[in-house]
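# Coordinates in review
As a plain string of letters, each chain reads:
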2 protein chains.
Amino acid sequence: MTQNKDYTDCYAVIFTSKRTNFDEEGYQKMANEIENLIQHQKGFLGMDFGKDSLRITISYWETLEDIKAWRENEIHQKAIKNGQKKWYEFYSIKVCKIEKSYDWER
Amino acid sequence: MTQNKDYTDCYAVIFTSKRTNFDEEGYQKMANEIENLIQHQKGFLGMDFGKDSLRITISYWETLEDIKAWRENEIHQKAIKNGQKKWYEFYSIKVCKIEKSYDWER
């Protein structure tokens, strides 16, 4: 869990994927292996993923000004206030510059 | 779904959160409202989140060289090859520079 760590000036690799129905057992074995392996990798700081009730939402924006405008949106501000009052134990927001983008498709 | 779009030079906001058990109905109503609202926001390009079987995994790294070294790791390379052969319909990798980081906790 990367909660309460300041990753400013570090890098995020956002990985999104959709599973086939094929070979769940093999997939899980590989996933566990990779998850153990990455812990020992130089420079590895931590990882967030959407299991164990951690929700991840990523939005994409043209400019930092657009992000600021969205943050200041009145209904969004109300949602943030209600979220802090009621819905969230914690949350973390990271604004990142996308330096490389690569897609693979079957 | 942001599959097959090139977000190079755009920005990603990575949002991670953990829900309380409180007011699921209110949360869903707010989430739907925000999800509709954001579509009309200037500069909004798209959004990925971990429902509807889209998996999101984010890893954090000290340097771009560290990311490259992990990509070239032999077992990781084998996992990539097996993933393309068996496990994935598609995937997308985005390497981002984290420009701001903010955490909130109850």
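Residues numbered from 1 in each chain as written. Chains lettered and ligands numbered in written order. Predicted model: local features only at pLDDT ≥ 70, side-chain atom pairs only at ≥ 80, totals over all residues. Heavy atoms only, no water.

## Details of the environment of D6 of chain B
The cut-off we apply is this: Where helices and strands are cited, they refer to DSSP runs of H or I of at least four residues and of E of at least two residues respectively, numbered from the N terminus.
Tracing the chain through its elements places D6 of chain B in the segment before β1 (11-19). Sequence separation between D6 of chain B and L45 of chain B is 39 residues; the distance between their C-alpha atoms is 11 Å.

## Considering the side chain of N73 of chain A
Quick note on the threshold: Pairs of N or O atoms within 3.5 Å make up the polar contacts considered here, provided that, within protein, one atom can donate a hydrogen while the other can accept it, and that residues adjacent in sequence are counted only when both atoms are side-chain atoms. Between two residues, a contact is recorded if the distance between any of their heavy atoms is within 4.5 Å.
Inspection of the secondary structure puts N73 of chain A in the loop between α2 (64-72) and α3 (74-87). A polar contact of 3.0 Å, which involves the side chain of N73 of chain A, links it to the backbone nitrogen of H76 of chain A. Setting aside residues up to four positions removed in sequence, N73 of chain A forms contacts with L37 and Q41 of chain B.

## Structural notes on the packing of α2 of chain A against α3 of chain A
Residues and elements named next belong to chain A. Put simply, the test is: In this analysis, axes come from line fits to C-alpha atoms, helices being fitted only over the stretch in contact, and the angle between any two N-to-C directions falls in the range 0 to 180 degrees. Oblique is the label for any angle not covered by the other classes, which are roughly parallel (under 35 degrees), roughly antiparallel (over 145) and roughly perpendicular (65 to 115). Nonpolar residues are Ala, Val, Leu, Ile, Met, Phe, Trp, Tyr, Cys and Pro. Charged residues are Asp, Glu, Lys and Arg, and all others, Gly as well, are polar.
The interhelical angle for the contact between α2 and α3, taken along N-to-C directions, is 65 degrees, at an axis separation of 5 Å. The angle between α2 and α3 falls in the class roughly perpendicular. Here α2 contributes W70, R71 and E72 to the contact with α3, which in turn contributes E74, H76, Q77 and I80. Each residue belonging to the contact of α2 with α3 can be placed in one class, and the counts come to two nonpolar, two polar and three charged.

## A look at the pattern of salt bridges
Residue and element names in this part refer to chain A. Applied cut-off: Only one rule defines a salt bridge in this text: a Lys or Arg side-chain nitrogen within 4 Å of an Asp or Glu carboxyl oxygen.
Using the criterion set out here, one finds six salt bridges over all chains in the structure. In this structure, the salt-bridge partner of E72 is K68, at a minimum N-O distance of 3.1 Å. Highlighted residues: E72 and K68, both in helix α2, separated by four residues, approximately one helical turn.

## A closer look at the packing of aromatic side chains
Heads up, the condition is: Any pair of Phe, Tyr and Trp rings, taking the six-membered ring for Trp, is counted once the centres come within 6.5 Å. Such a pair is stacked with planes under 30 degrees apart, edge-to-face with planes over 60 apart, and tilted for the rest. For each residue, the accessible area found with a 1.4 Å probe, counting protein chains only, is set against the maximum for its type, and the residue is called buried under 20%, exposed over 50%, and partly exposed in between.
Tallied over the full model, the rule gives 16 aromatic pairs over all chains. Taken together, a centroid distance of 5.9 Å and an interplanar angle of 75 degrees make the contact between Y88 of chain A and F15 of chain B edge-to-face. Placement of the pair is Y88 of chain A in strand β4 (residues 88-105) and F15 of chain B in strand β1, with the two residues belonging to separate chains. With relative accessibility at 8%, the residue Y88 of chain A sits in the buried group. The rings of F15, Y27 and W104 of chain A together with W87, Y88 and Y91 of chain B are connected pair by pair, giving a single aromatic cluster.

## A closer look at the nonpolar core
Cut-off, in case you're wondering: In this text, buried Ala, Val, Leu, Ile, Met, Phe, Trp, Tyr and Cys residues form a nonpolar core when linked through side-chain atoms within 4.5 Å.
Within the largest apolar cluster, 20 residues are counted, with the highest numbers of intra-cluster contacts made by Y27, M30 and I38 of chain A together with W61, I67 and Y88 of chain B. Those elements giving two or more residues to this core turn out to be β1 (11-19), α1 (24-38) and β2 (44-49) of chain A together with α2 (64-72), α3 (74-87) and β4 (88-105) of chain B. Residue contributions to this core peak at five residues, all from α1 of chain A. Among residues more than four places away in sequence, those in contact with Y88 of chain B are F15, S17, K18, T20, Y27, M30, W104 and R106 of chain A together with G83 of chain B.

These results come straight from atomic positions and should not be treated as a statement about function.
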